[in-house]
Amino acid sequence: MTDNHEALATRTIVDVHSIEQELEEVRWKLRPEGQMDEAAEHAAAEARASVLNLITVVTDEKELAGVAAVLDRLSTTNPSRTLILLAQEDRADDKLEARVSAQTRTESGHRVTTEEVLIHAHGQVAKHMASLVTPLLIPDLPVMVWSPARPDFDSRLFNDLCELADRIVVDTDAGFERDDFPRLLEVARRDRARASIGDFNWARLIGWRHVAAQFFDMPGMLPRLAQMSGVAVSHGLDRSTAQARLLGGWVQSRLARVGIDVPVELRPDDNHDYEVSRLLLYTGGPEGPARFGIAREAGGRLSTEIRVGDQELGGRTVRLEPRPPEELLAIELTLPGHDVLYEEALAAAVR
Amino acid sequence: MAEAPVLDRNILREGLILARAPDPAVMVIFGASGDLAARKLMPALYNLALNRYLPSGFSVVGVANTPWSDQEFRTQMLDAVQKYSRTQPVDRSVWQSFAEGLHYIPMMFEDKDGYQRLSDRLTQLDRERGTSGNRVFYFATLPDFFPVIVEQLGASGIAHAGEGWKRVIIEKPFGHDLKSAQALNRAVHAVFSEPQVYRIDHYLGKETVQNVMVFRFANGIFEPIWNRRYVDHVQITVAEDIGIERRGAYYEHAGALRDIFQNHLLQLLSIVAMEAPANFDAETVRDEKVKVLRSIHLVNVDTDVIRGQYGAGWVAGQQVAAYRQELKVAPTSMTETYVAMRLKIDNWRWADTPFYLRTGKRLPSRASEIAIQFKNAPHQPFAKTAVQGMNPNVLVMRIQPHEGASLKIAAKIPGPVMRLRTVNMDFFYGSSFLVESPDAYERLVLDCMLGDPTLFAREDEVERAWGLTDSIEAFWSTQPPPEFPNYAAGSWGPEAADALLERDGRRWRRP
């Protein structure tokens, strides 16, 4: 706890009505006996911003600790009601516990208040946790489900939450295999699907996409986009190839829109641990073939290179912000609706 | 092999924040060794580069009479960015890459040979960096130099050379009265057409000023009550706690009326009072703003405009000197450092609704805000004792320092008896959006490069604003000298300003 982090109440409760009651109390800073002093009275009359309901699902205490740290940092800037579901279906005894807390942060220079409900369930109850969630949501605000690890696509809880959610945020860099992509796509494209998909990996690629697009904003370069003949994406070896596949899938799907089929090659790169390390776009053109390259540099930067025929054109260096999870999550909060580009990139990535 | 399709747009750009990228261009900064370039322009350009908004090949040619080389210019600009950039520390690699496009030509602004050297350098940059003749000419000099620079750009052929677009950004003040503004417009139009001219008022680049339009026109609940039927009056305040700093020479000729009222205050007034534009095109938005300026009615300058000048006093625990003791200010100066006025807007929406505007230096705090005070509820069913001390609803849009909005509403105090109290519902943009706000100059420079003049002042806006300012100045010139100083530094202005509202049964808000 920091000086500017004010925890208002923390209690353990066992049923949903008690949780609701406790939320009301921590929200308005009531004293346990229900009497308000002058400051509490003022707080009761004070409005504050809330921007969303955030639900996150974790399966063990270790994961819970990591998630709690991210949510703690997120709470400095995003007023929300957060429901953390610690769901342990495999544990035998049925159990339901909840802890409600509220905190006000002022690091940003503003009072940002967040309520957090941690619900811990075992056994059968864990499968039906979505039924607990609905009454605890703040009405009229979007519902975002964040799955820090690869979700269990077959679990009842995940599918119930998909029904509730406006947006489901995953990180395809966190344990996703190639076969998981179509399952993710299926969630986004379900009949009457309300939930759109957000992916930390997609947000990490914003800089790459931006710089790649800028190549073809340059004078005389647009025709070369239509003459793209190949894409090579280099990637580190330590984690999944999801990010490289997505980036390749993005180029492929954009060009497919205008009837151009371009092959994508994934190239393992020994010099990098993980993530995309280099993107090369090969095109034809009247002055001969060209190669547009973007490479990841140390210290959070991208450098570019352009070779047209035998000529090297001037490259440049721009920033590629390494974003911590709370920042990636915060980006997701600002994105509305289905991201068709992402869904098309995902679809191309599994081809 | 199948023939490649012809693309009419960059399909890789779809879905990115900028739907369109600025074309590669050279920005020629006249006055590149000055304060504005160091404090605002170069940090803005660096941050645009850092965040990937600048196109490849983007270059700058600094022009000023300080005898710097390219390398010295780069070093000076790096110092400036290290000192003034909103993002720190400066990323050396990004700076290195950006600085390769920085060039400098030492010359006097009247020097014809200098323009030939400038022309040669621009041609060279087009060749080496692919800037295709696209130019932004940024006038960051004293206003006296604007006409001569425009004339020389025309005479040297630089303004029209080759292919590519040419745009000119002109800093405020754009003229010092209607006559000089018209003369400057004529001089500029002799070389550049109106769509090429971007008259900058950095206030319009502020996020919250743009948010006023979003607040009004993207929400369905405010516009139906945004009129004379529900609004009692509007107060617009631009208060500064600082004095004139080192700008005595300029301020002696400008005063609060020219320095703030003619541009910032009237811009805010236009935005708050305008009709909903049919779309967000530059011309449509600016048409609506000009209609407001044309409808402004100053009933009686004698009684409805108050001016003041600060004497010595205390601001934020610091003892400060009187205006007349400031550097480069005449000891008998009659320049106003405070203006307050009551305006009416003669149209169906606002007829008989007073707009109170004020601006001043050395006021108790720095605050810019627009306050819409609504009329009282037509009937109070509660006992008199219950509503004692209640205030009408006020919607405040704060521009600085804490950007946001607040709505003052009545609420029942919990308890067995009916007692009401006024409470504020506050919304701070900073507490709901993580995104770091760009500096106003970043937004405006980028808009200019994209060819979007929505947030820049148009010729008729500027001239109408000067027309209003001139009418006040003309009246003052017929009056005996005011008794200055008439407010103490650290107070909220002259007593006459309070009386202006008290006459109408109202009072100024404390921002």
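Residues numbered from 1 in each chain as written. Chains lettered and ligands numbered in written order. Predicted model: local features only at pLDDT ≥ 70, side-chain atom pairs only at ≥ 80, totals over all residues. Heavy atoms only, no water.

Description of the overall build of chain B
- When helices and strands are counted, chain B shows 14 helices and 19 strands.
- At 25 Å, chain B has a C-alpha radius of gyration in line with the 24 Å of a compact globule built from 511 residues.
- Dimensions along the principal axes, computed over C-alpha positions, put chain B at roughly 85 × 70 × 45 Å.
- Looking at chain B residue by residue over its 511 residues, the buried ones come to 56%.
- Within chain B, residue pairs in contact and separated by at least 24 positions form 77% of the contacts whose partners lie at least 6 positions apart.
- Counting only carbon and sulfur atoms, one obtains 53% of the accessible surface of chain B, whose full area is about 22,100 Å². (Helix = DSSP H or I, 4+ residues; strand = E, 2+ residues; numbered from the N terminus. Rg over C-alpha atoms; globule rule 2.2 N^0.38 Å. Buried < 20%, exposed > 50% of the residue type's maximum accessible area, 1.4 Å probe, protein only. Contact = heavy atoms within 4.5 Å. Areas by Shrake-Rupley, 256 points an atom, 1.4 Å probe, with all protein chains shown as cover.)

Here's the deal with the overall build of chain A
- Looking only at helices and strands, chain A has 13 helices and 15 strands in total.
- Of all 351 residues assigned to chain A, the portion counted as buried reaches 54%.
- In chain A, the share of contacts with a sequence separation of at least 24, taken over all contacts with a separation of at least 6, comes to 74%.

Describing the interface of chain A and chain B
- Contacts between the two partners involve 44 residues from chain A and, on the opposite side, 41 residues from chain B.
- Carbon and sulfur atoms make up 60% of the area that chain A and chain B hide from each other, which totals about 3,900 Å².
- Counting every contact that joins chain A to chain B gives three salt bridges.
- Between Glu14 of chain B and Arg254 of chain A there is a salt bridge whose closest N-O contact spans 2.6 Å.
- Counting across the chain A and chain B interface gives 13 residue pairs in polar contact (both at pLDDT 80 or more).
- Every element with two or more residues in the side of chain A that touches chain B is listed here: helix 2 (38-44), helix 9 (206-215), helix 10 (222-225), helix 11 (242-257), strand 15 (317-319) and helix 12 (325-333) of chain A. (Buried area = accessible area lost by both parts, 1.4 Å probe. Salt bridge = Lys/Arg side-chain N within 4 Å of Asp/Glu carboxyl O. Polar contact = N/O pair within 3.5 Å; in protein donor to acceptor, adjacent residues only side chain to side chain.)

Points about the sheet that holds strand 2 (residues 59-64) of chain B
Residue and element names in this part refer to chain B.
- Taken in spatial order, the six strands make up an open sheet running 3-2-1-4-5-6, and their pairing is parallel. Each of the sheet's edge strands pairs with one partner strand only, and the pair in question is strand 3 (102-106) and strand 6 (197-199). Going from strand to strand, the sheet's axes swing by 20 degrees on average, the running direction of each strand aside. (Pairing = 2+ DSSP bridges. Axes fitted to C-alpha atoms, helices over the stretch in contact; angles between N-to-C directions.)

Topic: the pattern of salt bridges
- Taken as a whole and assessed by the stated rule, the structure comprises 51 salt bridges over all chains.
- Across the pair Glu312 of chain A and Arg307 of chain A runs a salt bridge, and its minimum N-O distance is 2.7 Å.
- Classification of Glu312 of chain A by relative accessible area gives partly exposed; the value is 41%.
- With a relative accessible area of 28%, Arg307 of chain A lands in the partly exposed category.
- Look at the salt bridges and you will find they share partners, linking Arg254, Arg257 and Glu344 of chain A together with Asp8, Arg9 and Glu14 of chain B into a network.

Overview of the packing of helix 9 (residues 282-295) of chain B against helix 13 (residues 459-477) of chain B
Residues and elements named next belong to chain B.
- Contact geometry of helix 9 with helix 13 gives a least axis separation of 10 Å together with a crossing angle of 15 degrees. Accordingly, the angle class assigned to the pair helix 9 and helix 13 is roughly parallel. The two elements helix 9 and helix 13 meet at a crossing, and its hand is left-handed. Residues Arg286, Lys289, Val290, Leu293 and Arg294 of helix 9 pack against Asp460, Glu461, Arg464 and Leu468 of helix 13. (Parallel < 35°, antiparallel > 145°, perpendicular 65-115°, else oblique. Left-handed = near helix turned anticlockwise from the far one by under 90°.)

Quick look at the nonpolar core
Residue and element names in this part refer to chain B.
- Within the largest apolar cluster, 114 residues are counted, with the highest numbers of intra-cluster contacts made by Ile29 and Tyr138.
- At twelve residues, helix 8 (residues 248-273) tops the list of elements feeding residues into this core.
- Contacts of Tyr138, omitting those with residues within four sequence positions, involve Met27, Val28, Ile29, Phe30, Leu36, Leu41, Ile169, Glu171, Ile200, Tyr441 and Val445. (Core = buried A, V, L, I, M, F, W, Y, C linked by side-chain atoms within 4.5 Å.)

A short note on the pairing of strand 7 (residues 231-239) of chain B
Residue and element names in this part refer to chain B.
- Counting buried residues along strand 7, eight of its nine residues qualify, which places the element largely inside the surrounding structure.
- As defined by bridge partners, strand 7 adjoins strand 15 (residues 367-374) across eight bridges and the pair is classed as antiparallel. By the bridge assignment for strand 15, Thr237 is matched with Glu369.
- Taken together, the six bridges between strand 7 and strand 14 (residues 355-360) define a ladder with parallel strand orientation. What sits directly across from Thr237, in strand 14, is Arg358.

What to know about helix 1 (residues 35-50) of chain B
Residues and elements named next belong to chain B.
- End to end, helix 1 covers 22 Å across 16 residues, agreeing with the expected 22 Å (1.5 Å per residue, within 8%).
- Of all bends in helix 1, the biggest is about 35 degrees, found at Leu41, and the proline Pro43 comes one to four residues later.
- Along helix 1, 13 of the 16 residues are buried, which leaves the element largely enclosed by surrounding structure.
- In the segment just after helix 1, Arg52 is the residue with positive phi, at about 70 degrees. (Expected span 1.5 Å × (residues − 1). Bend = angle between axes of the 7 residues up to and from the residue.)

Some thoughts on the confidence of the model for chain B
- Of all residues in chain B, 96% have pLDDT values of 70 or greater, and the mean over the chain is 90.
- Prediction confidence for the complex, expressed as pTM and ipTM, is 0.79 and 0.80 respectively. (pLDDT = per-residue confidence, 0-100.)

Focus: the packing of helix 11 of chain A against helix 13 (residues 340-349) of chain A
Residue and element names in this part refer to chain A.
- Helix 13 packs onto helix 11 with a crossing angle of 105 degrees between their chain directions and a minimal axis gap of 7 Å. Looking at the two axes, helix 11 sits roughly perpendicular to helix 13. Of helix 13, the residues touching helix 11 (which contributes Arg245, Leu246, Gly249, Trp250, Gln252, Ser253, Arg254 and Arg257) are Val340, Leu341, Tyr342, Glu344, Ala345, Leu346, Ala348 and Ala349.
- When grouped by side-chain class, the residues that make up the contact of helix 11 with helix 13 number nine nonpolar, three polar and four charged. (Nonpolar A, V, L, I, M, F, W, Y, C, P; charged D, E, K, R; others polar.)

Side note on the side chain of Glu171 of chain B
All names here are of chain B.
- Mapped onto the elements, Glu171 comes out in the loop between strand 5 (166-170) and helix 6 (178-189).
- Buried and unpaired, Glu171 has Lys172 as its nearest opposite-charge partner, separated by 7.1 Å.
- In this structure the side chain of Glu171 is engaged in a polar contact, spanning 2.6 Å, whose partner is the side chain of Tyr138. (Lys, Arg positive; Asp, Glu negative; His and termini not counted.)

Things to note about the confidence of the model for chain A
- Summary statistics for chain A give a mean pLDDT of 82 and a share of 85% for residues scoring 70 or more.
- A low-confidence stretch, residues 1-5 of chain A (pLDDT under 50), is modelled with ten contacts involving residues beyond four sequence positions or located in other chains.

Some details on unusual backbone geometry
Residue and element names in this part refer to chain B.
- Omega for the bond connecting Gln88 with Pro89 falls within 30 degrees of zero, at -5 degrees, which places this linkage in the cis form.
- Residue position: Pro89 is located in the loop between helix 2 (70-84) and helix 3 (92-99).
- A cis amide bond, omega -10 degrees, links Phe484 with the succeeding residue Pro485.
- Tracing the backbone shows Pro485 in the loop between helix 13 and strand 19 (487-488).
- Positive phi, close to 55 degrees, is recorded for Ser132, a residue that is not glycine.
- Residue position: Ser132 is located in the loop between helix 4 (112-129) and strand 4 (135-139).
- Of note, the phi angle at Arg362 is positive, near 55 degrees, even though the residue is not glycine.

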